[in-house]
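Spelled out from the first residue to the last, the chains are:
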Amino acid sequence: MVALIKTLQVILALSLLIIVHELGHFLWAKLFKIKVEKFYLFFDAGGRALARWHWGETEFGIGWVPFGGYCKIAGMVDESMDLEGLKKEPQEWEFRTKPASQRLMVMAGGVINNFIFAVLVYCLIAGIWGEAFISNKDARIAPSELARDMGFRLGDLIISFDGYQPQNFGMLQADLARRNVRSARILRGTDTLELYIDQAYIGDVLNTPGMFDLAVPFVIDSMRFDGPNAGCGLESGDRVLSFGGKSIGYLQDAREVLQEYRGGMVDAAFVRGADTLQTPVAVDTLGQIGVYLKLPQIERRQYSFFESIPAGLRLTWETMSGYVRDLGLLVRPSTGAYKSVGSFIAIGQVFPAVWDWYRFLNILALLSVMLGIMNLLPIPALDGGHIIITLYEMVSGRKPSDRFLIVTQMIGMVLLLLLMMLAFGNDIARLIH
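A brief report on the enclosed structure follows. (Residues numbered from 1 in each chain as written. Predicted model: local features only at pLDDT ≥ 70, side-chain atom pairs only at ≥ 80, totals over all residues. Heavy atoms only, no water.)

Description of the overall build of the chain
Phase 1 of the analysis: Secondary structure assignment for the chain yields 11 helices and 17 strands.
Phase 2 of the analysis: For the chain, the proportion of its 433 residues judged to be buried stands at 43%.
Phase 3 of the analysis: Counting only contacts in the chain whose residues sit at least 6 apart along the sequence, the fraction spanning at least 24 positions is 64%.
Phase 4 of the analysis: On the chain, roughly 23200 Å² of surface is accessible, and the fraction owed to carbon and sulfur atoms is 62%. (Helix = DSSP H or I, 4+ residues; strand = E, 2+ residues; numbered from the N terminus. Buried < 20%, exposed > 50% of the residue type's maximum accessible area, 1.4 Å probe, protein only. Contact = heavy atoms within 4.5 Å. Areas by Shrake-Rupley, 256 points an atom, 1.4 Å probe, with all protein chains shown as cover.)

Written out as structure tokens, the structure is:
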């Protein structure tokens with residue numbers, strides 16, 4: 001059932017994004033009176049399709065190869081590599097006869113649609129659910145083994161990375177990797193320290209999730225009514241200082257101490273107001289004393305209909321800038337970022353195991369931004385490659401030959417094939433391990 005739910009989410013998300021993207025090309029082409037011969041979700045390899053129908057001069061359909069989609073525009077060199085039309089006399093309704101400015105908008109239409117769609121989805125999320133995150137202002141870290149090797153310690157408060165002050169605790173690891181951080185300013189106890197970040201660790205930061213957990217102060221919120229210490233004397237607001245004389249500051253180091261007293265009793269020293277008190281507590285066989293702890297305040301932001309619009313724009317921009325930084329890491333082999341490149345298999349693993357509209361829409365907006373930015377890469381087979389060539393024509397006043405366009409398209413398709421092989425290879429390696 002989990003696999004089915006994930007598969008349905010992937011199919012729905014990718015289908016929506018493909019239609020949105022190709023619709024951008026379609027609408028701009030129709031605006032400039034360019035003939036669109038085909039509009040397909042998925043590929044109709046061999047001319048076969050699951051469904052097809054005609055509307056006006058365009059053939060719409062759903063291909064049988066569930067990968068991508070395309071909008072075939074008359075007189076354009078594209079991934080279909082249909083060159084027969086180029087041998088005929090140019091027609092006024094063909095892409096190749098239109099001014100460079102119009103061709104530029106047709107090529108950029110898909111990317112523009114992806115970004116607009118992301119804004120709309122983020123506006124919807126902001127309007128319905130708002131935002132909720134743990135503020136980094138007062139949150140202390142519980143570092144993983146990797147973070148400890150880098151010099152971070154339990155209870156550190158991260159003030160800034162190279163002068164940048166993180167706001168969202170959940171984004172600390174991403175900020176550390178994306179910003180090519182050289183030093184971190186941290187508050188340890190009452191001391192402010194500068195921690196040098198060895199760049200040799202960045203590859204591990206990218207490929208080791210859970211680097212910074214939340215350090216939870218051992219402050220009692222409530223006692224479990226069915227726990228072993230329901231009447232031991234601990235109250236809400238008490239902060240435990242030690243167990244058995246061993247100092248503890250956070251839940252993370254208390255766990256290690258309590259393991260020594262499993263199934264027995266231990267004296268707990270705690271602070272209540274201005275008083276330091278002590279009481280014996282029972283420890284169960286799991287090393288727990290049956291309490292609920294106070295968690296750091298979650299920052300929540302609610303938006304009205306009109307407030308959700310700038311919020312959606314901001315969230316889209318933050319996602320775009322973050323993803324651009326991620327791509328910047330890919331061109332640095334030393335980071336190992338290329339190992340994180342994945343195909344639809346990796347995309348499927350991102351979706352939740354149960355249907356959750358909030359998470360689905362967040363992932364959908366993220367994928368829309370990713371699709372838009374990826375298509376802006378200056379690879380000939382992508383929109384970005386076509387845009388670069390058209391901009392060159394507009395600046396130089398020289399239109400490239402059909403032969404040049406065909407050769408660059410073939411080179412781009414080979415590069416995309418290699419990228420797909422890398423993505424599938426990474427996915428298979430992750431599944432094996």
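Some points on the packing of aromatic side chains
Phase 1 of the analysis: Per the stated rule, a full pass over the model turns up 15 aromatic pairs.
Phase 2 of the analysis: Consider the rings of Phe-26 and Phe-39, whose centres lie 5.7 Å apart with planes at 85°: the pair is edge-to-face. Taken together, the residues span a long stretch of sequence, with Phe-26 in helix α1 (residues 2-31) and Phe-39 in strand β1 (residues 36-43) at a distance of 13 residues. In this pair, the class of Phe-26 matches that of Phe-39, namely buried.
Phase 3 of the analysis: The interplanar angle of 85° and the centroid separation of 5.6 Å between the aromatic rings of Trp-357 and Phe-360 together place this pair among those described as edge-to-face. With Trp-357 and Phe-360 both in helix α9 (residues 357-375), this residue pair falls 3 residues apart, about one helical turn.
Phase 4 of the analysis: Among the aromatic residues, ring-to-ring pairing joins Phe-26, Phe-39, Trp-53, Trp-55 and Phe-60 into one connected group.
Phase 5 of the analysis: Of note, Lys-35 hangs over the ring of Trp-93, and the distance from its end group to the ring centre comes to 5.2 Å.
Phase 6 of the analysis: The ring centre of Trp-64 lies 4.5 Å from the NZ or CZ of Arg-48, which sits over that ring. (Phe/Tyr/Trp six-rings, centres within 6.5 Å; stacked < 30°, edge-to-face > 60°. Lys NZ or Arg CZ within 6 Å of the ring centre and 35° of its normal.)

What is shown is where atoms sit, not what they do.
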